[in-house]
Amino acid sequence: MTVRKIVKYGTPSLREKSKEVHKISKKIQILVEDLYDTMYAANGVGLAAPQVGENVRVFVVDVGVDKKTMHPITFINPKIIKKEGAVNSYEGCLSFPEAYTNVRRYKYVKVKALNEKGRPFVIEADEGTLLARCIQHEFDHLDGILFVDHCRNRFEADKILQEKGLPPVSADYLIDEPELEEEIQKRLQKQEEKQ
């Protein structure tokens, strides 16, 4: 139960693919506790092991709004088994202090993983909820993918990163998602027509 140092954007280990967990050892259980302690101390809603310098396939989320509605979920060796739809997500990241930008995310995800006791579970998150977006964000960390790789406007993202003293978006890591962008544009157009 320790608050660990969160690795900042630009650190090479954030771009490494994480290794599978083969045994839920005491070390992994301590890592999970430390991830929660670190996430809560930083007022985050999710934190992946690579963000504290551990390149293993573990992340935690808690999208509860206060102490009464806390809902911590541990994901070990997660796999996204279904994803569909698209939403615009205004996101930040604890590894990018105070930097936020619009990114593309799936509206619906279904994930299977192990919990901290090694028990398998399946969870679905729909309607572009914070949980759906958070799962995708943290899952990406395990593959060395960062939220800015999904940015909808690279120039806007670069400007925000520069203002926060962070490196610019790397063109080598940008993810081309034309089908998601098209669906987001349609949704935004519909919203404008309703107003």
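Our subject is the structure listed above.
Residues numbered from 1 in each chain as written. Predicted model: local features only at pLDDT ≥ 70, side-chain atom pairs only at ≥ 80, totals over all residues. Heavy atoms only, no water.

Quick notes on helix H4 (residues 178-194)
Just so we agree on the cut-off: The secondary structure listing takes helices from DSSP runs of H or I that are at least 4 residues long and strands from runs of E that are at least 2 residues long, numbered from the N terminus. For a helix, the expected span equals 1.5 Å multiplied by the residue count minus one. Only protein chains enter the area calculation, which uses a 1.4 Å probe; residues under 20% of their type maximum are buried, those over 50% are exposed, and those in between are partly exposed. Regarding the arc, it is the one traced by the directions from the helix axis to the C-beta atoms. Whether two residues touch is decided by their heavy atoms; if any such pair falls within 4.5 Å, the residues are in contact.
The first and last C-alpha atoms of H4 sit 25 Å apart over 17 residues, in line with the 24 Å expected at 1.5 Å per residue. Inspection of H4 places Leu-180, Glu-181 and Ile-184 among the buried residues, and these make up the whole buried set. For H4, the buried positions fall inside an angular range of 95° around the axis, keeping them on one side. Pointing more than 90 degrees away from the buried face of H4 are the exposed residues Lys-190, Glu-193 and Lys-194. Where H4 is buried, its residues touch strand E4 (87-93) and strand E5 (96-105).

Focus on unusual backbone geometry
For residues besides glycine, phi is generally negative; the peptide bonds are generally trans as well. Positive phi outside glycine occurs at Asn-43, with the angle close to 60°. Along the polypeptide, Asn-43 turns up in the loop between helix H1 (26-41) and strand E1 (46-48). Despite not being glycine, Glu-127 shows a phi value in the positive range, around 60°. Among the structural elements, Glu-127 can be located in the loop between strand E7 (120-125) and helix H2 (130-142).

Focus on the layout of surface pockets
Definition in use: Lining residues are those with an atom within 4 Å of a point, where the points come from a 1 Å grid over the protein atoms alone and group into cavities, where a 1.4 Å probe fits but cannot get out, or pockets, open sets with protein on both sides within 12 Å along at least five of seven lines. Grid points are joined across faces, edges and corners, and a volume is the space filled by probe spheres set on the points. The residue classification treats Ala, Val, Leu, Ile, Met, Phe, Trp, Tyr, Cys and Pro as nonpolar and Asp, Glu, Lys and Arg as charged. All others, Gly included, are polar.
Each pocket or cavity is described by its volume, and for the largest pocket that value is around 440 Å³. Along the walls of the largest pocket sit 23 residues, with Val-45, Gly-92, Cys-93, Leu-94 and Tyr-100 positioned nearest its centre. Within the residue set of the lining of the largest pocket, elements represented by two or more residues are E4, E5 and H2. Per-class residue counts for the lining of the largest pocket are 12 nonpolar, seven polar and four charged.

Brief notes about the nonpolar core
Quick reminder of the rule: The set of buried Ala, Val, Leu, Ile, Met, Phe, Trp, Tyr and Cys residues whose side-chain atoms join them within 4.5 Å is what this entry labels a nonpolar core.
Counting 17 residues, the largest nonpolar core has Phe-59, Val-61, Ile-73, Phe-75, Ile-123, Leu-131 and Ile-135 as the members making the most contacts within it. Elements with a minimum of two residues in this core: strand E2 (58-62), strand E3 (72-84), strand E6 (108-114), E7 and H2. Ranked by residues supplied to this core, first place goes to H2 with six residues. Excluding residues within four positions of it along the chain, Phe-75 makes contact with Arg-57, Val-58, Phe-59, Val-61, Val-111, Ala-113, Leu-114, Phe-121, Ile-123 and Ile-135. By size, the runner-up hydrophobic cluster in this structure holds 16 residues, among which are Cys-93, Phe-96, Leu-146 and Phe-147.

Considering the pairing of E5
Two faces belong to every sheet, and in a regular strand the side chains alternate between them. To keep it simple, the criterion reads: By this definition, two strands are paired if DSSP reports at least two bridges between them.
Bridging between E4 and E5 involves six bridges; their strand directions are antiparallel. Counterpart to Val-87 in the pairing with E5 is Arg-105. Following E4, the chain reverses through two residues before pairing antiparallel with E5.

Some words on the side chain of Asp-140
With respect to the element layout, Asp-140 can be found in helix H2. Here Asp-140 falls in the buried class, since its relative accessible area comes to 10%. Every residue in contact with Asp-140, bar those within four places of it in the chain, is listed here: Arg-105, Ile-145 and His-150.

A short note on the side chain of Thr-101
Note on placement: Thr-101 falls in strand E5. If near-sequence neighbours (up to four positions away) are discounted, Thr-101 is found in contact with Ser-89, Tyr-90, Glu-91, Phe-147, Cys-151, Glu-156, Ala-157 and Ile-160.

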